[in-house]
Amino acid sequence: MRLLIVEDERRLALSLAKGLTAEGYAVDVVHDGPEGLHRASGTPYDLVVLDIMLPGMNGYRVCAALRAAGHDVPILMLTAKDGEYDEAEGLDTGADDYLTKPFSYVVLVARIKALLRRRAQGAGASPVHVLGDLQVDTAARRVLLAGTEVVLTAKEFAVLEQLVVRAGEVVSKAEILEHVWDFAYEGDLNIVEVYVSALRRKLGAGLIGTVRGAGYRLERPGAAR
């Protein structure tokens, strides 16, 4: 899952990004309203964490502009303000949830996971994907192989998630990079191969197929051993 944080308090933004990256999300950070709107409009994010008090354009206006343009990305608003009027205004502009500063990081993560689950359920998708002996719960972030739990790193799980939600389809390296690593990543593009190799070692060599020149495909039931 790829998240966008729009927050002008740089220390808070970077702290949140660090924590959410450790949770396995790809996280992009911007610090003003216009750039937040630009990023959210042009990149397929799975969720936006949006502060209200932003330079250039406040969060209410960013949210309203995204909704007016037809973007249905879940939006979790953050603000130092408090009061029913502010919450109502945020929700009226199209936000999906609202969190007042100071907040617990654990609560923030729980709210993010709840919004992502709600979106998946609204799209008719189940958080539990079963392919033969492989079971991947994207909500609980657990992987079972033939009934035995397989421990994956956050990045390994994130790469597997991109493949499992599109099982049977070819997923390119670029698509995996776009969702698992943030926009500032400038390292070796072959990093995807490293994580696919790790997944093959842990889950079985026949599970993830390579489609030469195109990408990877998670094989349908019967491939997992």
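Residues numbered from 1 in each chain as written. Predicted model: local features only at pLDDT ≥ 70, side-chain atom pairs only at ≥ 80, totals over all residues. Heavy atoms only, no water.

Things to note about the sheet that holds strand β1 (residues 2–6)
Strand pairing in a sheet relies on backbone hydrogen bonds. The paired strands run either parallel or antiparallel.
For step 1, the next point in the chain: Reading across the sheet, the 5 strands line up as β2-β1-β3-β4-β5 and stay open at both edges, with parallel pairing between neighbours. Edge positions in the open sheet fall to β2 (26–30) and β5 (97–100), since each of these has one partner strand only. Going across the sheet, the axis of each strand differs from the next one's by a mean of 20°, ignoring polarity.
For step 2, the next point in the chain: Pairing geometry for strand β4 (residues 75–79) and β5, over 4 bridges, is parallel. Paired with Thr79 across the strands is Thr100, a residue of β5. (Pairing = 2+ DSSP bridges. Helix = DSSP H or I, 4+ residues; strand = E, 2+ residues; numbered from the N terminus. Axes fitted to C-alpha atoms, helices over the stretch in contact; angles between N-to-C directions.)

Notes on the sheet that holds strand β9 (residues 148–149)
For step 1, the next point in the chain: If you trace the 4 strands from one edge of the open sheet to the other, you get β6-β7-β8-β9, paired in antiparallel fashion. On the outer flanks of this sheet lie β6 (128–131) and β9, each paired with one strand and no other.
For step 2, the next point in the chain: Relative to strand β7 (residues 134–137), helix α6 (residues 154–164) is tilted by about 105°, and along the sheet it contacts β6, β7 and β8 (142–145). (Contact = heavy atoms within 4.5 Å.)

Regarding the environment of Val192
For step 1, the next point in the chain: When you line up the elements, Val192 lands in helix α8 (residues 191–203).
For step 2, the next point in the chain: A relative accessible area of 0% means that Val192 is categorised as buried.
For step 3, the next point in the chain: The sequence separation of Val192 and Leu177 amounts to 15 residues, and the corresponding C-alpha distance is 7.2 Å.
For step 4, the next point in the chain: Apart from residues lying up to four places away in sequence, Val192 is in contact with Lys173, Ile176, Leu177, Trp181 and Tyr216. (Buried < 20%, exposed > 50% of the residue type's maximum accessible area, 1.4 Å probe, protein only.)

Here's the deal with the UniProt feature "modified residue: 4-aspartylphosphate" (unreviewed entry) in the protein chain
For step 1, the next point in the chain: With numbering matched to this structure, UniProt assigns "modified residue: 4-aspartylphosphate" (unreviewed entry) to Asp51.
For step 2, the next point in the chain: Note on placement: Asp51 falls in strand β3 (residues 47–51).
For step 3, the next point in the chain: Given a relative accessible area of 2%, Asp51 falls into the buried group.
For step 4, the next point in the chain: Contact partners of Asp51, with chain neighbours within four places excluded, come to Val6, Glu7, Asp8, Gly59, Leu78, Thr79 and Lys101. (UniProt positions renumbered as here; feature names shortened; annotations may be inferred.)

Looking at the pairing of β2
For step 1, the next point in the chain: Burial within β2 is extensive, with 5 of its 5 residues counted as buried.
For step 2, the next point in the chain: In β2, alternate side chains face the same way, and those of Ala26, Asp28 and Val30 on one face and Val27 and Val29 on the other are all buried.
For step 3, the next point in the chain: Where β1 and β2 come together, 5 bridges link them in parallel fashion. By the bridge assignment for β2, Ile5 is matched with Val29.

Observations concerning the pattern of salt bridges
For step 1, the next point in the chain: Counted by the stated rule, this structure contains 13 salt bridges.
For step 2, the next point in the chain: Arg166 serves as the salt-bridge partner of Glu169, at 3.1 Å between the closest nitrogen and oxygen.
For step 3, the next point in the chain: Between Glu175 and Arg166 there is a salt bridge whose closest N-O contact spans 3.2 Å.
For step 4, the next point in the chain: When its relative accessible area of 31% is taken as the criterion, Glu175 is described as partly exposed. (Salt bridge = Lys/Arg side-chain N within 4 Å of Asp/Glu carboxyl O.)

Quick look at the side chain of Lys101
For step 1, the next point in the chain: With respect to the secondary-structure elements, Lys101 resides in the loop between β5 and α5 (105–122).
For step 2, the next point in the chain: Here the side chain of Lys101 touches Glu9 through a polar contact of 3.1 Å, side chain to side chain.
For step 3, the next point in the chain: Apart from residues lying up to four places away in sequence, Lys101 is in contact with Glu7, Glu9, Leu12, Asp51, Leu78, Thr79 and Ala80. (Polar contact = N/O pair within 3.5 Å; in protein donor to acceptor, adjacent residues only side chain to side chain.)

Some words on the pairing of β4
For step 1, the next point in the chain: Within β4, 5 of the 5 residues are buried, which leaves the element mostly enclosed by the surrounding structure.
For step 2, the next point in the chain: By the bridge criterion, 4 bridges tie β3 to β4 in an arrangement that is parallel. Residue pairing in the sheet places Asp51 in a bridge with Leu78 of β4.
For step 3, the next point in the chain: After leaving β3, the chain enters helix α3 (residues 59–68) and then returns to the sheet as β4, a path that is right-handed. (Right-handed = clockwise from strand over helix to strand, strands pointing away.)

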